[in-house]
Amino acid sequence: MNSDKLPNEFRNFIFARLFFVLGLRMITTIVIYQVFHLANTYMVGFAGLAEFVPAVIAAIFAGHYIDKHNKKNILVWAYTFYMLCGLTLALISLPYFNLSNATKLSVILFTVFCTGIIRSFAGPAANSMIAAIVSREQLQKAISYNSSTWLISSIGGHAIGGLLIAAIGISNAYFTTAALILTAGIFALQLKPKPPVSVNQNEPMFTAIKNGFTYVFNNKNLLGVISLDLFAVLFGGAVAFIPEVASNILHTGPIGYGFLNAAMDLGSLISMAILVKYPMRHKQGLKMLLAVAGFGICIIIFGLSKWYWLSFAALLIAGLFDAVSVVVRGTIMQLFTPDELRGRVASINLIFINSSNELGQFESGVTSRWFGTLPAIIFGGAMSMLVVAATWIKFPKLRKLEY
């Protein structure tokens, strides 16, 4: 048997991941576009907050639940509920119902709140299954495939979301996402059961949660990596600004918006392909710090740009840099997390990711209201560079990190 060949079950896992993330990213793209046109960038920020708060609170308990239950079942139910959320957004967007903008916004925010809870189970359950599907020798290869699949889906979701808005309208675009997530659920049903491994079922819930946080906070390299990613993307994230920049500064329509929204993920995919062929062998920590600094510079350029292709290139290169921290963080998590803690550590990592993405979206909405859109973008890029400097001082071992 060829030890390099990944098992067939991993193929089902990857296809489930592909269709789910594709649908998820399409929903995110459509929601941001819809909320901006129903209200403004400030409300786009609140949409991010509506997803962030439940996701973080639920993730604290989700990891404990995932470690004690069949991960396959959790994944299937999560996909089912997310599909129902997509259908809800589709129905309230139908012109037939003629709902007021205020009513639509209320339902959208509530639905986004529900998706935050669902994602707190879906992401950690999926990530904690990888080590149970492939051998340890295949783990790094599987991580690369998993990350690349996520990026391909993310790129496709952002771009296709914009195309569908232009081609078939918002409601039909939501119906399409629901169909994609249903497909993901069908592939997830083909997976083998993934019962808990070496878990003390009698361990009190809060003790189990505490043990997960203790592991992360005692592992300085892991803590440093995810903290850097948290604060860099928290301040430097530009997703909430893209609809306004595309419409009012670059004067492009929904198709241009969709591709602009996908630019960062496209850059990440290119970077991931390079890293798969030419993996980082030495000084991964130093390279990650420099990459995050480069990310901040690109966000500043995006804030200063008045030309579509310069804005697109700035986000594309920002994605190239961002992929470096994704690879370093993902490799450390999978290689050094004990099997019995995988759900909890994955959930803690999700808290950091959601904090950087959804809370960052809220921060963008607030700073745009305070400073104006372009100064807020430039401020975020500068803060990302400041975070790198602070990390350099606070986590000196991170500069020397190698694996």
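The following paragraphs examine the structure supplied in this document. Because the structure is a prediction, the values reported are computed rather than measured.

Their axes nearest at 7 Å, the elements helix α11 (residues 284-304) and helix α14 (residues 373-394) cross at an angle of 165°. Relative to α14, the element α11 lies roughly antiparallel. In this structure, the crossing between α11 and α14 has a hand that is left-handed. Here Leu286, Leu289, Val292, Ala293, Phe295, Gly296, Ile297, Ile299, Ile300, Phe302, Gly303 and Leu304 of α11 lie close against α14, whose contacting residues are Leu374, Ile377, Ile378, Gly381, Ala382, Ser384, Met385, Val388, Thr391 and Trp392.

What follows is about helix α3 (residues 71-92). Because an α-helix packs 3.6 residues into every turn, residues spaced three or four apart end up facing the same way. The terminal C-alpha atoms of α3, which comprises 22 residues, lie 32 Å apart, in line with the 32 Å expected from a rise of 1.5 Å per residue. The opening residue of α3 is Asn70, an N-cap whose side-chain oxygen sits 2.9 Å from the backbone nitrogen of Lys72.

Take helix α10 (residues 254-277) next. Compared with the 34 Å implied by 1.5 Å per residue over 24 residues, the 35 Å span of α10 between its first and last C-alpha is a close match. Along α10, the sharpest change in direction is near 40° and occurs at Ala263.

Okay, the side chain of Ser268 next. Within the secondary structure, Ser268 sits in helix α10. When its relative accessible area of 3% is taken as the criterion, Ser268 is described as buried. Those residues in contact with Ser268 that lie beyond four places of it in its chain are Leu151, Gly319, Leu320, Asp322 and Ala323.

Below, the discussion takes up a nonpolar patch on the surface. The grouping of Ile297, Ile301, Trp307, Leu310 and Met385 at the surface amounts to a nonpolar patch, some 460 Å² of accessible area in total. Turning to its location among the elements, Ile297 is positioned in helix α11.

Once that is clear, we can look at the packing of aromatic side chains. The full count for this structure, using the stated rule, is 11 aromatic pairs. Judged by centre distance (6.1 Å) and plane angle (80°), the ring pair of Tyr65 and Phe121 falls under edge-to-face. Here the residue Tyr65 occupies a position in helix α2 (residues 41-68), and Phe121 occupies one in helix α4 (residues 101-127), the gap between them amounting to 56 residues. You can call Tyr65 partly exposed: its relative accessible area is 39%. Ring pairs connect the aromatic residues Phe15, Phe19 and Phe187, which therefore count as one cluster.

Throughout the structure, instances matching the rule amount to one salt bridge. Its salt-bridge partner being Lys194, residue Glu9 comes within 2.5 Å of it at the nearest N-O pair. Residue Glu9 is located in helix α1 (residues 8-38), and its partner Lys194 is located in the loop between α6 (139-189) and α7 (205-218); the two are separated by 185 residues in the primary sequence. Across this residue pair, the class does not change: Glu9 and Lys194 are buried.

The rules we used
- Residues numbered from 1 in each chain as written.
- Predicted model: local features only at pLDDT ≥ 70, side-chain atom pairs only at ≥ 80, totals over all residues.
- Heavy atoms only, no water.
- Axes fitted to C-alpha atoms, helices over the stretch in contact; angles between N-to-C directions.
- Helix = DSSP H or I, 4+ residues; strand = E, 2+ residues; numbered from the N terminus.
- Parallel < 35°, antiparallel > 145°, perpendicular 65-115°, else oblique.
- Left-handed = near helix turned anticlockwise from the far one by under 90°.
- Contact = heavy atoms within 4.5 Å.
- Expected span 1.5 Å × (residues − 1).
- Polar contact = N/O pair within 3.5 Å; in protein donor to acceptor, adjacent residues only side chain to side chain.
- Bend = angle between axes of the 7 residues up to and from the residue.
- Buried < 20%, exposed > 50% of the residue type's maximum accessible area, 1.4 Å probe, protein only.
- Patch = residues over 30% accessible without salt bridge, like charges linked within 9 Å, V, L, I, M, F, W, Y side chains within 5 Å.
- Areas by Shrake-Rupley, 256 points an atom, 1.4 Å probe, with all protein chains shown as cover.
- Salt bridge = Lys/Arg side-chain N within 4 Å of Asp/Glu carboxyl O.
- Phe/Tyr/Trp six-rings, centres within 6.5 Å; stacked < 30°, edge-to-face > 60°.

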